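Structure assessment
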Amino acid sequence: MSELLDKDTLRFTEYAAELMVYFERHKLIEISKKILVELALERPELVQQWIGANIKRIASEIYKDCLLGGKDGVVSMLNLSAGYLYRVVIFGRRGSGRKTQAINLAKRFNLVYIDAENLIYQCLRGDDENPNDPLARELQRSFYYNNCDAKGKALADIISRRIIHQDALRRGWVLVNFPNTVNDFKEIMEHWKVPPNKLVYMKCSEKICLKRLLNSANIGAPYHTCSYYNHEVNNCAFFNLY
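Cut-off values and rules
Residues numbered from 1 in each chain as written. Predicted model: local features only at pLDDT ≥ 70, side-chain atom pairs only at ≥ 80, totals over all residues. Heavy atoms only, no water. Buried < 20%, exposed > 50% of the residue type's maximum accessible area, 1.4 Å probe, protein only. Helix = DSSP H or I, 4+ residues; strand = E, 2+ residues; numbered from the N terminus. Arc of directions from axis to C-beta. Contact = heavy atoms within 4.5 Å. Disulfide = S-S within 2.5 Å. Phe/Tyr/Trp six-rings, centres within 6.5 Å; stacked < 30°, edge-to-face > 60°. Expected span 1.5 Å × (residues − 1). Axes fitted to C-alpha atoms, helices over the stretch in contact; angles between N-to-C directions. Parallel < 35°, antiparallel > 145°, perpendicular 65-115°, else oblique. Core = buried A, V, L, I, M, F, W, Y, C linked by side-chain atoms within 4.5 Å. pLDDT = per-residue confidence, 0-100.

The set of residues buried in helix α9 (residues 182-190) consists of D184, E187 and I188. All buried residues of α9 lie within an arc of 90° about the axis, which places them on one face of the element. Among the exposed residues of α9, those pointing more than 90 degrees away from its buried face are V182 and E190. Of the surrounding secondary structure, the elements contacted by the buried residues of α9 are α7 (148-162).

See below:
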């Protein structure tokens, strides 16, 4: 009986998450708010007729603002309408400061910090609470046979399950160390029930990344104390997905 309840709870959670993404993607809350504001200002007698005549204009204005706002891709645009949560993926070269910035974002916005490498470690080590987890077994199998495509698919499924936990749905999340390939990107954008709504690419030169990696074991302090890091850390591209 408890297993059935768990399955029903999971289905309901997935449905609620998909509905949230649908509203967010099509800007339905923003459109509804603007309709209510204009109705309050104009007070038309024929409300239904007014909505029919103006809803296309209102929606077009909001969509246009979103497109114009997403062109520059700067970190200062890290904002969403009230009621929406950040779902951020940070990627870039190793040594570019992905984890540092992810941890900073998680602290600033109270997001759930998700590190794909930690999830891999937990699955390969084995989970005492759920030793027969089919997703973990699939990931273990992919590592055993060294199947790169299977690794990416299994890890994507594990992360997809993690981000529909209650804490991630209520607070939002920031993910690092995934995706790593084009197929990984396709997987998260086409198959995840709750895809990311922000992508941050850390633009850091190969030379700077190499310096940070070579010096990380010797400086005796966090990476961001390095003088060469201060110049590069702010150079990141930011993308609104919708």
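With that settled, the discussion passes to unusual backbone geometry. Cis geometry is adopted by the peptide bond preceding P179, which originates at F178 and carries an omega value of 5°. Mapped onto the elements of the fold, P179 is located in the loop between β3 (173-176) and α9. Positive phi outside glycine occurs at K27, with the angle close to 55°. Along the chain, K27 turns up in the loop between α1 (2-25) and α2 (28-42). Within the chain, N110 stands out as a residue other than glycine whose phi angle is a positive 55°.

Throughout the structure, instances matching the rule amount to 0 disulfides. In this model C209 remains outside any disulfide bridge; the closest cysteine sulfur is found in C204, 3.6 Å from its own.

This brings us to the packing of aromatic side chains. Summed over the entire model, instances satisfying the criterion amount to 7 aromatic pairs. Between the aromatic rings of F91 and Y201, the centroid separation amounts to 5.3 Å while the plane-to-plane angle is 45°, which identifies the pairing as tilted. A residue pair is termed long-range when its members are at least 10 positions apart, and F91 in strand β1 (residues 87-92) and Y201 in strand β4 (residues 198-202) qualify at 110 residues. Summarising the aromatic geometry, the rings of Y144 and Y145 are spaced 5.0 Å apart at their centres and angled 90° between planes, so their arrangement reads as edge-to-face. Classification of Y144 by relative accessible area gives exposed; the value is 68%.

Compared with the 21 Å implied by 1.5 Å per residue over 15 residues, the 21 Å span of α7 between its first and last C-alpha is a close match. Considered for burial, the residues of α7 that qualify are K151, G152, A154, L155, A156, I158, I159, S160 and R162. Taken together, the buried residues of α7 touch β2 (112-115), α5 (116-125), α6 (134-144), α8 (166-171), β3 and α9.

Here the focus is the packing of α5 against α6. Two elements in contact, α5 and α6, have axes separated by 9 Å at closest approach and are oriented at 90°. Looking at the two axes, α5 sits roughly perpendicular to α6. Contacts between α5 and α6 pair I120, C123 and L124 from the former with A136, L139, Q140 and F143 from the latter.

Membership of the largest hydrophobic core comes to 28 residues, with the highest contact counts inside it found for I159, W173, L175, F178 and W192. It is α7 that provides the largest number of residues to this core, a total of 5 residues. In this structure F178 touches V89, A116, G152, L155, A156, I159, D184, I188 and W192, once residues within four positions along its chain are discounted. By size, the runner-up hydrophobic cluster in this structure holds 11 residues, among which are I90, A102, A106 and L111.

This next bit is on the side chain of R162. Inspection of the secondary structure puts R162 in helix α7. The buried category is assigned to R162, whose relative accessible area is 19%. When residues no more than four places from it in sequence are discounted, the contact partners of R162 are V112, I114, D167 and A168.

To continue, consider the confidence of the model for the chain. When pLDDT is averaged across the chain, the result is 78; 76% of the residues are at 70 or more. Looking across the chain, the model is least confident in helix α11 (residues 227-232), with a mean pLDDT of 36, and most confident in β2, with 95. Note on residues 73-80: pLDDT under 50 across the span, and 22 contacts to partners over four residues away in sequence or across chains. Note on residues 218-236: pLDDT is under 50 here. Beyond four places in sequence and across chains, it has 30 contacts.

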